[in-house]
Amino acid sequence: MPPPSSISCVVPCLNEEANLKVLLPGLIAALKALAPAFEIIVVDDGSSDGTSHTLAGWAQEHPQVVYLQLSRNFGKEAALSAGLEAARGQVVVCMDADLQHPPALISTMLERWQEGVEMVYAVRATRDDESVFKRLGTKLFYKMMRTSGGPQVPENAGDFRLMDRAVVDALLMLPERNRFMKGLFAWVGFRAEPIYYSPPERLHGTTRFKPIKLFRFAIDGITAFTTWPLRLLSVSGASLSVVSFAYGLYVVINHWLYGDPVQGWTTLITVVLFFAGVNLLSIGVLGEYVARIFGEVKNRPVYLLRQRVGAGLDDVPMPS
Ligand code: UDP
Ligand code: MG
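- For the protein chain, the name recorded in an unreviewed UniProt entry is Glycosyltransferase involved in cell wall biosynthesis, with Paralcaligenes ureilyticus as its organism.

Some thoughts on the overall build of the protein chain
1) Next: Along the backbone of the protein chain there are 10 helices and eight strands.
2) Next: The C-alpha atoms of the protein chain give a radius of gyration of 25 Å, which is well past the 20 Å a tight globule of 320 residues would have.
3) Next: The dimensions of the protein chain, computed from C-alpha atoms along their principal axes, are 90 × 40 × 40 Å.
4) Next: Considering the protein chain as a whole, with its 320 residues, one finds that 31% of them fall into the buried category.
5) Next: For the protein chain, contacts bridging at least 24 residues in sequence account for 86% of all contacts bridging at least 6.

Things to note about the site of ligand 1
1) Next: Neighbouring residues of ligand 1: 17 residues in total, closest Pro12, Asp45, Ala97, Thr207 and Arg208.
2) Next: Among the elements of the structure, β1 (6–13) and α3 (76–86) are those that each provide at least two residues to the shell around ligand 1.
3) Next: Each residue belonging to the shell around ligand 1 can be placed in one class, and the counts come to six nonpolar, four polar and seven charged.

Brief notes about the environment of glutamine 307
1) Next: For glutamine 307, the location among the structural elements is in strand β8 (residues 305–309).
2) Next: Among the residues examined, glutamine 307 registers 13 C-beta atoms within 10 Å and is labelled partly exposed.
3) Next: It is 6.0 Å that separates the C-alpha atoms of glutamine 307 and leucine 68, two residues lying 239 residues apart in sequence.

Digging into the UniProt feature "transmembrane region" (unreviewed entry) in the protein chain
1) Next: Under the local residue numbering, the UniProt record ascribes the feature "transmembrane region" (unreviewed entry) to residues 232–253 and 265–291.
2) Next: Overall, residues 232–253 shows 100% helix and 0% strand. The separation of its end C-alpha atoms is 32 Å.
3) Next: For the annotated span residues 265–291, helix accounts for 100% and strand for 0% of the residues, and the straight-line distance between the end C-alpha atoms is 38 Å.

Topic: the domain arrangement of the protein chain
1) Next: Segmentation of the protein chain into domains returns domain 1 (6–133 + 149–210 + 301–309) and domain 2 (227–298).
2) Next: Taking only C-alpha atoms, the centre of domain 1 and the centre of domain 2 are 46 Å apart.

Observations concerning the packing of helix α5 (residues 132–146) against helix α8 (residues 211–225)
1) Next: Packing of α5 against α8 brings their axes to within 10 Å, and their N-to-C directions diverge by 10 degrees. By the angle between their directions, the pair α5 and α8 is classed as roughly parallel. Of the residues in α8, those in contact with Phe141, Met144 and Met145 of α5 are Ala218, Gly221, Ile222 and Phe225.
2) Next: Here the contact of α5 with α8 is composed, by residue class, of six nonpolar, one polar and no charged.

Section: helix α10 (residues 265–297)
1) Next: For α10, built from 33 residues, the straight-helix expectation of 48 Å at 1.5 Å per residue is met to within 8% by its first-to-last C-alpha distance of 47 Å.
2) Next: The buried fraction of α10 is low, at zero of 33 residues.
3) Next: Within two residues after α10, asparagine 299 carries a phi angle of roughly 60 degrees, on the positive side.

Brief notes about helix α6 (residues 165–173)
1) Next: Of the positions making up α6, those classed as buried are Val167, Val168 and Leu171. One face of α6 carries all of its buried residues, which in axial projection span an arc of 100 degrees. Turned more than 90 degrees from where α6 packs its buried face, Asp169, Leu172 and Met173 sit exposed.
2) Next: Turning to α6, the residues buried within the fold contact α3, β4 (91–94), β5 (119–124), β6 (157–164) and α7 (181–188).

Looking at the pairing of strand β3 (residues 65–70)
1) Next: Taken across its six residues, β3 has six buried, putting it largely inside the fold.
2) Next: The alternating pattern of β3 places Val65, Tyr67 and Gln69 on one face and Val66, Leu68 and Leu70 on the opposite face, and all of these are buried.
3) Next: Here strand β2 (residues 37–44) pairs with β3 via five bridges, running parallel. Along β3, the bridge assignment pairs valine 43 with leucine 68.
4) Next: Where β3 lies against β8, four bridges are found, and the strand directions are antiparallel. When the sheet's bridge partners are listed, glutamine 69 is paired in β8 with glutamine 307.

What counts and what doesn't
- Residues numbered from 1 in each chain as written.
- Chains lettered and ligands numbered in written order.
- Predicted model: local features only at pLDDT ≥ 70, side-chain atom pairs only at ≥ 80, totals over all residues.
- Helix = DSSP H or I, 4+ residues; strand = E, 2+ residues; numbered from the N terminus.
- Rg over C-alpha atoms; globule rule 2.2 N^0.38 Å.
- Buried ≥ 20, exposed ≤ 12 C-beta atoms within 10 Å, placed from the backbone.
- Contact = placed C-beta atoms within 7 Å.
- Near = placed C-beta within 6 Å.
- Nonpolar A, V, L, I, M, F, W, Y, C, P; charged D, E, K, R; others polar.
- UniProt positions renumbered as here; feature names shortened; annotations may be inferred.
- Domains from an automatic or database assignment.
- Axes fitted to C-alpha atoms, helices over the stretch in contact; angles between N-to-C directions.
- Parallel < 35°, antiparallel > 145°, perpendicular 65-115°, else oblique.
- Expected span 1.5 Å × (residues − 1).
- Arc of directions from axis to C-beta.
- Pairing = 2+ DSSP bridges.

Right under this line is the structure:
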């Protein structure tokens, strides 16, 4: 395939002023060499540093930079959705603002796209830089996502990826409010292939995804794409009922046949507490799903835009 007529680059950011000042000049230079027309859509997800001021200025000076400011912090997934909706390019690249997603990889991704791959996603080659705890958690998460018959979310693939217009249009058709992008990327299918890279350290600042937020994020993904927790409860309920019935039968028969006076406060309290725990856990799991349904039926927009600066590819005719 020939090189693309236009590229959109979507960069969600939350308080990334220092990083953007380094990323944007490099990205503009990289994209200039790759396509005749391009746009960089910086989605400001409710930053409270100078991101807004700097970026609005950049967007006015550089016709290729579009600045989208959300009305508050909606989360990275919502910011990505905002950027994808605004993107007009024939191919669209999603990347982080902290330089952990090197712009130099875009040309490699583009080569794969020219070979006919519709989605090229970057997979981190190692997680050696992370704690044992985080690595174990991540492994468990991917296992839980995959044992469900749901979309096959590739392990260690982040949001750094290049997509064909067809993939972006498919993503935009999905109506859900809970936009767990890793799952949605996998769900839409298409010809997707990985490329491997070693992410450098974050240039400035620290990660916005602390352990508790990551845990909540994982629960979002699991409840959005799998129903095995519900099935697990049904199966455990059924098994526990059978075991309890058998044990009850044993106690009654023992009493009738052998006149056993049925002592056992210890057994009783253990069983009562155990079942109380299982009941509460089940209600909790059920509640997680009900909460998601609640979130979906309210049908609120995924994000709200405060302002847009710059026309980007809106000024360039769309490829037919
Ligand atoms: N980000 C965002 N909204 C948020 C949190 C993060 O737009 O609520 C952006 C952030 O500015 C960065 C990208 O998402 O560009 C990835 O965030 P981070 O580097 O903190 O995550 P990590 O690399 O640790 O997964
Ligand atoms: Mg990062």
